[in-house]
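Read off the chains here:
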Amino acid sequence: MISSLDVPLDLSQPPTITQQSPKDYIVDPRENIVIQCEAKGKPPPSFSWTRNGTHFDIDKDAQVTMKPNSGTLVINIMNGGKAEAYEGVYQCTARNERGAAISNNIVIRPSRSPLWTKEKLEPNHVREGDSLVLHCRPPVGLPPPIIFWMDNAFQRLPQSERVSQGLNGDLYFSNVQPEDTREDYICYARFNHTQTIQQKQPISVKVFSMDSLNDTIAANLSDTDIYGAKPVTERQPVLLTPTGSTSTKVELRGNVLLLECIAAGLPTPVIRWIKEGGELPANRTFFENFKKTLKITDVSEADSGNYKCIARNTLGSAHHVISVTVKAAPYWITAPRNLVLSPGEHGNLICRANGNPKPDISWLANGVPIAIAPEDPSRKVDGDTIIFSHVQERSSAVYQCNASNEYGYLLANAFVNVLAEPPRILTPANKLYQVIADSPALLDCAYFGSPKPEIEWFKGVKGSILRGNEYVFHENGTLEIPVAQKDSTGTYTCVARNELGKTQNEVQLEVKDPTMIIKQPEYKVIQRYGQVSFECIIKHDSTLSPTVIWLKDNDELPDDERFLVGKDNLTIMNVTDKDDGTYTCIVNTTLDSVSASAVLTVVARPNPPFDLELTGQLERSIELSWIPGDENNSPITSFVIEYEDGLHEPGVWHYQTEVPGTQTTVQLKLSPYVNYSFRVIAVNEIGRSQPSEPSEQYLTKSASPDENPSNVQGIGSEPDNLVITWESLKGFQSNGPGLQYKVSWRQKDVDDEWTSVIVANVSKYIVSGTPTFVPYEIKVQALNDLGYAPEPSVVIGHSGEDLPMVAPGNVQVFVINSTLAKVHWDPVPLKTVRGHLQGYKVYYWKVQSLSRRSRRHVEKKILTFRGNKTLGMLPGLEPYSSYKLNVRVVNGKGEGPASPDKLFRTPEGVPGSPSFLKITNPTLDSLTLEWGSPTHPNGVLTSYILKFQPINNTHELGPLVEIRIPANESSLILKNLNYSTRYKFYFNAQTSVGSGNQITEEAVTIMDEGKMAMASRQVDIATQGWFIGLMCAVALLILILLIVCFIRRNKGGKYPVKEKEDAHADPEIQPMKEDDGTFGEYSDAEDHKPLKKGSRTPSDRTVKKEDSDDSLVDYGEGVNGQFNEDGSFIGQYSGKKEKEPAEGNESSEAPSPVNAMNSFV
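Below is a summary of the structure that appears in this document. Bear in mind that the values here come from a model prediction, so they are computed numbers and not experimental data. (Residues numbered from 1 in each chain as written. Predicted model: local features only at pLDDT ≥ 70, side-chain atom pairs only at ≥ 80, totals over all residues. Heavy atoms only, no water.)

### Focus: the sheet that holds strand 79 (residues 902-905)
Step number 1: Reading across the sheet, the four strands line up as 76-75-78-79 and stay open at both edges, with antiparallel pairing between neighbours. The open sheet is flanked by strand 76 (861-866) and strand 79, the only strands paired with a single partner. Strand-to-strand, the axes of this sheet are offset by a mean angle of 25°, without reference to chain direction.
Step number 2: By the bridge criterion, 10 bridges tie strand 75 (residues 839-849) to strand 78 (residues 881-890) in an arrangement that is antiparallel. Bridge pairing in strand 78 places K841 opposite R888. (Pairing = 2+ DSSP bridges. Helix = DSSP H or I, 4+ residues; strand = E, 2+ residues; numbered from the N terminus. Axes fitted to C-alpha atoms, helices over the stretch in contact; angles between N-to-C directions.)

In C-alpha cells:
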C-alpha cells in the first residue's frame, strides 16, 4: 500500500484537482470572470460544470468558454455580458476511466459599491464638555467598505483618546471642545474591489462655550430645554458603545476577535481590558484605537469567556462585559490521502474533522453519494473510514469526503488506484548534493512502485547498508545526515525493491567548509566630514565563490560616490549625519550565508542653542533660559554664556559664566549701566558649537561705582616728582555716566592732610616738587554722576630716586686659593642710598701676570650682589697675578661712587700644558724632542717631566721611564733606543705647587736593514732539521744556566745594586732578564756587567715616591745616569725607570715581566 505518493503521470491514475477558485469568489463586475479548475490524471481527464446544482451547458452560452486541456471557465463580461447574470454556485468535475474528482462549491458574486442615500443633515449644536457621535452609516457593499473621516481638503481628521472612530465607522467624541467646531466632518467609504471612494455629505458641528451659551441659547435653542445655561461640569464615564452592561459576541476559530468600548466623560476616560477568570493571551493580544479596541488574533475555543472593559476618570468608572463564544467551521484532523494498492492488497481512507458544532461526515464516490454509487464488494464504509480489502483493478475510483456544520464545510478528494508496478526511482541519477559542514544533508530517493518498495541506502561502491543514529530515513525515501562532516563526502546508493523487481540510483555528496567572517566590522565613532572604514575579511571553501553585499540599516547602500566598496572593506568618505546607522556585511555563497554588523555613530560639535529667553529681570540679576540644539551623538558637557555690552563695547563678546550640560537656565549677576545681550555656546567632547542668536537686550540702571581702580602705584620718574598710576575701570565697571577718578596723596608720617585732584579719561597723575625718595600714602577713588565708589585702600609709594652719595668703606680682600678670593665691605648708610637699595657691584680686573712682565689691555669684570650683602666671592681668577677691585652701591637710579682700588695677588698654581711637543730626527736608536713653554705658566716653572714607554704591535705598553728636565731647556735628544720601535711620550711642566696637564705624542725609530736581511736568511734555514736540533740544545743549556744562577742568588751572592734593593726592601722590585727588552741594571762605565735590578708598577697603579728617590739619586753619581748597552737610555740628566700606567686615554694596565719579555724580544 502506498499512501500520499505522487503517481508518475505515465501510469494510469484517477483525476486529481490541482487548482480551483476560492469558495467565496467576489469578482469585479467590470472584468471577465475566470473560474479556475485544473486537474491531472492518466488518461487526461475531461471537465464538466454544474451551476446551482444542475448541469451548466457552456456550449449554449456564447459568453462562456473553457480553456483548452483545462476545466477553467472564462465568462466574457467585457463584450456585453453582465456579471449579475452569472451569480450562483459553480462546481467542476474532472473525469477519466478511473474515476471522477469534484471541486468545492464556488459561490460567484460581483462586488457592489452603491452610493449613499441622500439625506438632509442638520447641524450639530453641542455644549462644551458634552459627548457627541457623528454617524457614518455607509451603504452596504460587497465586500464591506473601509471607512475613514476627512475634511474638505482631503486631510484625515486627527484622532485621540477624546476623539476616535468606532468599528462601525461612526466618529465618537468623549467630550467636545471649542476647537471641534467645523463644518466639514466628512465620512468616506472606500470599496477596494472596484477601487472607488464614496463620500457622505459634510456634517457641521458647532460647540458652544459656557460664556457664549447664555447669550445665544434663547435665540438659537428657544424651543428646547435640552441645554441649560449651567456651567461646564465634569462627569463620570458613560459607555457610548456598546450600550447596556452586557453583550455577546460570536467569532469563528482562526479569525481575529475585535472588541470595542468607547466612553463619554469629562475628563476623558481611560479604557482598560481584563478577562474574567483568566489572562489575556500574551502573544496574540493587541490594543488599538487608544486602547478602546481589544484585538486577539487566531482565536480558538480557549479564548471563549467574559471580557470586561472598564472606563475610568477622576470622578468614577463604568464597565461593560462582553461574553465571547468561539465557534468553529469544520477543520481537518486527518484529511483523506490517495491510496495506491496492488491487486489483493488492503487499505483505508480516513476522513476526520472537528468543529463547533461537531461536523457531519459524508462520503461520495466519483462525485455521487456513496449510498447510491455502484456497489464495490472490496469496500466497506465505517463512519469516517472506508475500509478496502482484496482490491482489484476495477476498485480504482475517486472518493470525496464532506465535513460540514452551520459555519461551513470541507471537501477533500482522495483516489484509490489499483496498480501492479515494479520499483522505479524518480530522482535523477548521479545528482550532486553540496552542503556546508556541520549542517544537515538531505539525499533524495523519490520512488514509486506497487506494492510499495522498500528503500535501503549504501555508501561507496562496496559499502554496507547504512544504519544507526547518525542517519534518519524518511518515509519518502530521503536519507538525512543530521550533521554532515567532511568525511561524509562520497557516493551514496539508494536501492528500491518490491516483489516485482529492484532498482538503484547513485547520488553524490560534497561537504564544503563553512564561510566565516574572520575580521568583522567594528563599532566606529567618527567626526562629521571624516573618513571611516569597516572591514569584512572572510574565509571560505576554495570551491565556492562568495559575493559580499553591504547594507545600511537592512537596506541597500545609498547611491552615493562617497561609499567605496572594496574587496574586504567599506569606506565612507566625507561622513555626514545621515550616514549614522548600522552597516551589515553579508557574505553569500550558493550553500550558505553569514553576516556581521557594526554601528556607525557620527559625532560633531553640538548645534547652537536657540530660543534664548530673559526672565526675572532685577537691577543686579536676571534669569537666562535656552533650548539646547542637537548634541550630534556626543553629549553636551557644558554651556558657556557670553555677554555683549552694547553701550560701551558693541560687537565685543565677553565670557560671563559656564554651567553643566544638564542645565538650561542660569541666574546671571549684572552690573549697572550696561546694555546686556547674551548668547550661549554648547560644548561637547568634539568642540564648541556656533554661538546662539543673541538674546534681547537688557539695559540695567545706573549706580555709583562698586569698585575702585586696581594696581595703584606711586613711583617717581625724577628725583623731585611722584608718578601715580592705576588701571582704569572697564566700561561696564563704571556703573553710570561721568566716570572720573579722585587721586589723593600725602607724605607718610609728615603730612596730616590729603592733597586731592579729580581727573577723567587718564590712568596717570604726576605730583611735582617732592623731596627725593620719600614715602607717600596714595589712594585712587572712582566716582560717576551718581556718586563715589567705596573708600579705596591706601598704598605706599615713593618719590623719585637719585644716585647714591657715598661708596662702601673698609673693603678687604681674602685670597682663598690661586683662582678664588673673597671680598668684604661695610654697608653704606641707607640715607645716603637715596633710593631702593638694589645691591652692590664689585669691579675687578687683572693688572699683570707675575710670571710674565708683558702688559695687556685691562678688561674689567663686574659681579653684582643683590640686596644688603657685605661680602662676595670672586671666582675664575688667574694664578700668580696681580688684581685690583673696587665696590659700589646700586639703587634704582644707578651706581654710587666707587671705593678706593684695592690691590691683591693670587698665589702660584699648577701650570698649563706645554704649548707644543715635536719629535724629529728619528734614527736607529735616537729621537729628538722639542717643546714650548706653557702659555699659562701660573707661576715660576721648576722643571719639565718627560715619561715614555715602548708600544708593541699589539698596542701593549712597555715599562715607563720618567726624566726630569730643567725649566730653561726646550729640547732633548733620547739615545740608545730600540730600532724600529714605537714610543709613546707624556710631557708636562711643574711649578712649586705641582704638575700641570700633560700632552702626549708618539714616534718610531728607524728599522736596521742589515738585521732585516739576517732575519730573512734565518727564516730560510729555520726549516732545516739540523738547525732545529741545534736550537733545542742551546735552549737546554740556557735553562741549566738559569737554574744555576737562581741557586747562587738564593745563597746570598750580592752585587752593589742588590745591597741597595735589600736596604729599601721594595716588594715591587723583581729581577728581570737582560734580554727581555726592558731597561737593564746600572753598571760602572768600564765593564758594563749587567746588574740584576728591575722595576714593576705597584698593584695600585701608582709610582711610589721612594722609587723615584732611589732610582738615580742613589745610583747615578759619577756615571751621569748612563744605562747599559741593552739600548735603554744614555743621557746627561738623571732619571728614574718605572713602570706606570699610561696616562690620558691609553691603557692603564701595567704589563707583567713575562709580557714584557714576550713583546720586546
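### A short note on the packing of aromatic side chains
Step number 1: Per the stated rule, a full pass over the model turns up 22 aromatic pairs.
Step number 2: Taken together, F148, F154 and Y188 form an aromatic cluster joined through their ring pairs.
Step number 3: In this structure, R253 packs its charged tip against the face of Y331, placed 3.7 Å from the ring centre.
Step number 4: Above the plane of the ring of Y843 lies R888, whose end atom (NZ or CZ) is 4.0 Å from the centre. (Phe/Tyr/Trp six-rings, centres within 6.5 Å; stacked < 30°, edge-to-face > 60°. Lys NZ or Arg CZ within 6 Å of the ring centre and 35° of its normal.)

### Looking at the state of the cysteines
Working definition: the covalent bond between the sulfur atoms of two cysteines is a disulfide.
Step number 1: Tallying each qualifying case throughout the model produces six disulfides.
Step number 2: There is a disulfide in this structure between C261 and C309, and the S-S distance comes to 1.8 Å. Note on the C261 and C309 pair: the S-S dihedral is about -70°, so by sign convention the disulfide is left-handed. In this pair, C261 sits in the loop between strand 23 (257-260) and strand 24 (262-266) while C309 sits in strand 28 (residues 305-313), placing the two residues 48 residues apart along the sequence. Of the two residues, C261 and C309, both sit in the buried class.
Step number 3: Bridging C536 to C585, the disulfide has an S-S length of 1.9 Å. Across the S-S bond of C536 and C585 the torsion is about -65°, and the bridge reads as left-handed. With C536 in the loop between strand 50 (532-535) and strand 51 (537-539) and C585 in strand 56 (residues 581-588), the pair connects residues that are 49 residues apart, well separated along the chain. Per residue, the accessibility class of C536 equals that of C585, and both read buried.
Step number 4: Described in terms of the sequence order of its bonded cysteines, the disulfide pattern of the chain is 1-2, 3-4, 5-6, 7-8, 9-10, 11-12. (Disulfide = S-S within 2.5 Å. Buried < 20%, exposed > 50% of the residue type's maximum accessible area, 1.4 Å probe, protein only.)

### Focus: the sheet that holds strand 8 (residues 64-66)
Step number 1: As summarised here, the arrangement of the three strands in space is 4-9-8, forming an open sheet in which the pairing is antiparallel. Across the chains shown, the open sheet's two edge strands, defined by having one partner strand only, are strand 4 (33-35) and strand 8. Each strand axis lies, on average, 20° off the axis of its neighbour in the sheet, ignoring direction.
Step number 2: Two elements, strand 4 and strand 9 (residues 73-75), share three bridges in a ladder whose sense is antiparallel. From the neighbouring strand, V34 faces strand 9, where its bridge partner is V74.

### A word on the nonpolar core
Step number 1: Core analysis: the biggest nonpolar cluster contains 29 residues, and I33, I35, W49, I75 and Y90 have the highest contact counts within it.
Step number 2: Put simply, the parts of the chain that give this core at least two residues each are strand 4, strand 5 (37-42), strand 6 (46-51), strand 9, strand 10 (88-96) and strand 12 (106-110).
Step number 3: The element contributing the most residues to this core is strand 10, with three residues.
Step number 4: The contacts of W49, once residues within four sequence positions are left out, are I35, Q36, C37, T54, H55, F56, M66, G71, L73, Y90, Q91 and C92.
Step number 5: Core analysis: the second largest hydrophobic core is formed by 20 residues, L927, I965, L972 and Y983 among them. (Core = buried A, V, L, I, M, F, W, Y, C linked by side-chain atoms within 4.5 Å. Contact = heavy atoms within 4.5 Å.)

### Thoughts on unusual backbone geometry
Step number 1: Cis peptide bonds are those with omega within 30 degrees of zero, and the linkage from K42 to P43 qualifies with 0°.
Step number 2: The topology assignment puts P43 in the loop between strand 5 and strand 6.
Step number 3: Of note, the bond from L142 into P143 is cis; its omega dihedral lies within 30 degrees of zero at -5°.
Step number 4: By the element assignment, P143 lies in the loop between strand 14 (132-134) and strand 15 (146-150).
Step number 5: Although it is not a glycine, H390 sits at a positive phi angle of roughly 50°.
Step number 6: If you trace the backbone, H390 turns up in the loop between strand 36 (385-388) and strand 37 (397-405).
Step number 7: H390 gets classed as exposed once you look at its relative accessible area, which sits at 54%.
Step number 8: The phi torsion at N633 lies on the positive side, around 70°, for a residue other than glycine.
Step number 9: The exposure class assigned to N633 is partly exposed, which follows from its relative accessible area of 41%.

### A word on the environment of D438
Step number 1: Mapping D438 onto the fold places it in the loop between strand 40 (431-436) and strand 41 (441-443).
Step number 2: Apart from the residues within four sequence positions on either side, D438 is in contact with V483, A484 and Q485.
Step number 3: At 2.9 Å, the side chain of D438 and the side chain of Q485 are in polar contact. (Polar contact = N/O pair within 3.5 Å; in protein donor to acceptor, adjacent residues only side chain to side chain.)

### Observations regarding the environment of A420
Step number 1: Along the chain, A420 turns up in the loop between strand 38 (408-418) and strand 39 (421-425).
Step number 2: A relative accessible area of 47% places A420 in the partly exposed class.
Step number 3: In this structure A420 touches P343, S450 and L500, once residues within four positions along its chain are discounted.

### A closer look at the pairing of strand 47 (residues 501-512)
Step number 1: Looking at chain direction, strand 40 and strand 47 are connected through six bridges and run parallel. For Q434, the partnering residue across the bridge sits in strand 47 and is E510.
Step number 2: In terms of strand pairing, strand 46 (residues 490-498) meets strand 47 through nine bridges, oriented antiparallel. Of the residues in strand 47, the one forming a bridge with N498 is G501.
Step number 3: Counted between consecutive antiparallel strands, the loop separating strand 46 from strand 47 contains two residues.

### Side note on the pattern of salt bridges
Step number 1: What the rule picks out here adds up to 37 salt bridges.
Step number 2: Here E962 makes a salt bridge to K947, at a shortest N to O gap of 3.7 Å. Pair noted here: E962 is in strand 83 (residues 961-966) and K947 is in strand 82 (residues 941-951), with a separation of 15 residues, a long-range link.
Step number 3: Taking relative accessible area as the criterion, K947 reaches 13% and is therefore assigned buried. (Salt bridge = Lys/Arg side-chain N within 4 Å of Asp/Glu carboxyl O.)

### A few points about the environment of K742
Step number 1: Along the chain, K742 falls in strand 67 (residues 740-747).
Step number 2: Take K742: its relative accessible area is 27%, and that puts it in the partly exposed class.
Step number 3: Sequence-distant contacts of K742, defined by excluding residues within four places in its chain, comprise S756, V757, I758, K779, V780, Q781, L783 and Y788.

Everything listed is a geometric property; what it means functionally is a separate question.
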